[in-house]
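Commentary on secondary and tertiary structure
Now for the letters of each chain:
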Amino acid sequence: MGSATPHDDAASEVFAICPAGELPLTDECRHYEGKHEVPWDIQKFVINDLYPSDLWLTLFRYFSQRYSIFSWYDEGVCLTDDAWFGVTPEPVANAIAADLQDSDPSKTVLIDAFAGAGGNTIAFALSGRWHHIIAIERDASTLACAQNNARIYGVDPAMVTWVHGDSFDYLHTLVNRPETLHPALRLDIAATVVFASPPWGGPGYRSDEIFDLRTMQPYNLEQLHGAYHLMDHVLFLPRTSDIRQIAGLAPEGRKIPVVQYCMQGASKAMAAFIPAKATFR
Ligand code: MGP
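To start, this report covers the structure provided alongside it. Predicted model only: the values in this text are computed from it and were never measured.

1. Examining unusual backbone geometry
A negative phi angle characterises most non-glycine residues, just as the trans form characterises most peptide bonds. The linkage connecting Gln217 with the following residue, Pro218, adopts the cis geometry, with an omega of 0 degrees. The residue Pro218 is located in the loop between strand 4 (192–196) and helix 9 (221–228) in this model. Residue Gln264 is not a glycine yet carries a positive backbone phi of 50 degrees. Take Gln264: it is sitting in the loop between strand 6 (258–263) and strand 7 (266–274).

2. Observations concerning the site of the ligand
Close to the ligand lie 17 residues, the nearest being Ser197, Tyr205, Arg206, Arg239 and Lys268. Contact between the ligand and Tyr62: an oxygen atom at 2.7 Å from a side-chain N or O atom of the residue. Note that an oxygen atom of the ligand is positioned 2.7 Å from one of the side-chain N or O atoms of Arg239. Contact with the protein chains hides 85% of the accessible area of the ligand, taken as 650 Å² for the molecule alone. In terms of residue class, the shell around the ligand is built from nine nonpolar, four polar and four charged.

3. Details of the nonpolar core
Counting residues in each nonpolar core, the largest one holds 89 residues, and the members touching the most others are Phe70, Leu79, Trp84, Ile111, Phe124, Tyr170 and Tyr228. Sequence-distant contacts of Tyr170, that is, excluding residues within four places in its chain, are made with Ile17, Ile111, Ile134, Ile136, Leu181, Leu185 and Leu187.

4. Looking at the packing of helix 5 (residues 90–99) against helix 6 (residues 119–127)
Running from N to C, helix 5 and helix 6 point in directions that differ by 45 degrees, and their axes come no closer than 8 Å. In terms of axis orientation, helix 5 runs oblique to helix 6. Note that helix 5 runs across helix 6; the crossing there is right-handed. In this structure, helix 5 contributes Ala93, Asn94, Ile96 and Ala97 to the contact, and helix 6 contributes Gly119, Asn120, Ala123, Phe124 and Ser127.

5. Brief notes about the pairing of strand 3 (residues 160–164)
Burial runs high along strand 3: four of the five residues are buried. Bridge count between strand 2 (residues 132–137) and strand 3: five bridges; the pairing is parallel. Its bridge partner being in strand 3, Ile133 is matched across the sheet by Val160. In terms of handedness, the path from strand 2 via helix 7 (residues 140–152) over to strand 3 forms a crossover that is right-handed.

6. As for a negative patch on the surface
There is a patch of like negative charges on the surface, built from Asp27, Glu28, Asp82 and Asp139. Residue position: Glu28 is located in the loop between helix 1 (9–14) and helix 2 (40–48). Residue classification places Glu28 among the partly exposed positions, given a relative accessible area of 44%.

7. Examining the environment of Leu171
In this fold, Leu171 is placed in helix 8 (residues 167–176). Placed 23 residues apart in sequence, Leu171 and Val194 show a C-alpha to C-alpha distance of 9.7 Å. Beyond its immediate sequence surroundings of up to four residues, Leu171 is in contact with Ile111, Val194, Ala227, Tyr228 and Met231.

Rules behind the numbers
Residues numbered from 1 in each chain as written. Predicted model: local features only at pLDDT ≥ 70, side-chain atom pairs only at ≥ 80, totals over all residues. Heavy atoms only, no water. Helix = DSSP H or I, 4+ residues; strand = E, 2+ residues; numbered from the N terminus. Near = heavy atom within 4 Å. Polar contact = N/O pair within 3.5 Å; in protein donor to acceptor, adjacent residues only side chain to side chain. Areas by Shrake-Rupley, 256 points an atom, 1.4 Å probe, with all protein chains shown as cover. Nonpolar A, V, L, I, M, F, W, Y, C, P; charged D, E, K, R; others polar. Core = buried A, V, L, I, M, F, W, Y, C linked by side-chain atoms within 4.5 Å. Buried < 20%, exposed > 50% of the residue type's maximum accessible area, 1.4 Å probe, protein only. Contact = heavy atoms within 4.5 Å. Axes fitted to C-alpha atoms, helices over the stretch in contact; angles between N-to-C directions. Parallel < 35°, antiparallel > 145°, perpendicular 65-115°, else oblique. Left-handed = near helix turned anticlockwise from the far one by under 90°. Pairing = 2+ DSSP bridges. Right-handed = clockwise from strand over helix to strand, strands pointing away. Patch = residues over 30% accessible without salt bridge, like charges linked within 9 Å, V, L, I, M, F, W, Y side chains within 5 Å. Salt bridge = Lys/Arg side-chain N within 4 Å of Asp/Glu carboxyl O. Lys, Arg positive; Asp, Glu negative; His and termini not counted. Charge placed at Lys NZ, Arg CZ, Asp CG, Glu CD.

Below is the structure:
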């Protein structure tokens, strides 16, 4: 396990952002083996049917779906409680990776801007489509889970460089001051695609008939697109996202393909494949 370039204390004093190296699993990295291990207050709410907390009920529901989220769950897949809310189910992650399989071959590097527990990074790495993947996660425990899960799925450690940090900082530095990045993180922007599966502000998005991407929390569509617009980018968004807002991001004369990803006949989410606004050649 680990990253393409192990963490090095001396390097972290010299460069603004460095690869993370291998992070230890923490108490927040959990592998629940049964419903009895899911935190007690979820079960109490379910059993007694007391004013259920949406958040905890949702976590309980996700745990019940664990094998469709990670088919190798029993091999020791770990998640933080927060990570359950944004993890992409394995069939969806594989379908997105497959949809990028025949994309522009001049793009060889993929940045997973919100790596979470690693579901998408694993699918992209196993697809064999990318020469290199940069997977960024802000929370150390969640990143440790992602590294653990990638190891379980047999991802080649040389394929993924993990970054413990903020993907907006990283992208800003990549575009404006690449020389301050660790050499393993300096990418050719023209050869790079960004994949972003950001938080949507919790499960509340499900009550909106049309989800307003201008009000998405903590990052709205404008912030996401603003950070990624120099590169082709894929945004993984709520299934009811306002298509007109996405269409407004199309560069002159270009279209934005949007795909709904379904499981058991129902959409789980959509992805928008957005071309770069400028080319760097
Ligand atoms: P869901 O809210 O559990 O809807 O999320 P579901 O399962 O269709 O609800 P049901 O009532 O029909 O059963 C569906 C999928 O959306 C999840 O599996 C995640 O892949 C994704 N997802 C959900 N949330 C809240 C987020 C999020 O905040 N960010 C990201 N990136 N994905 C999310």
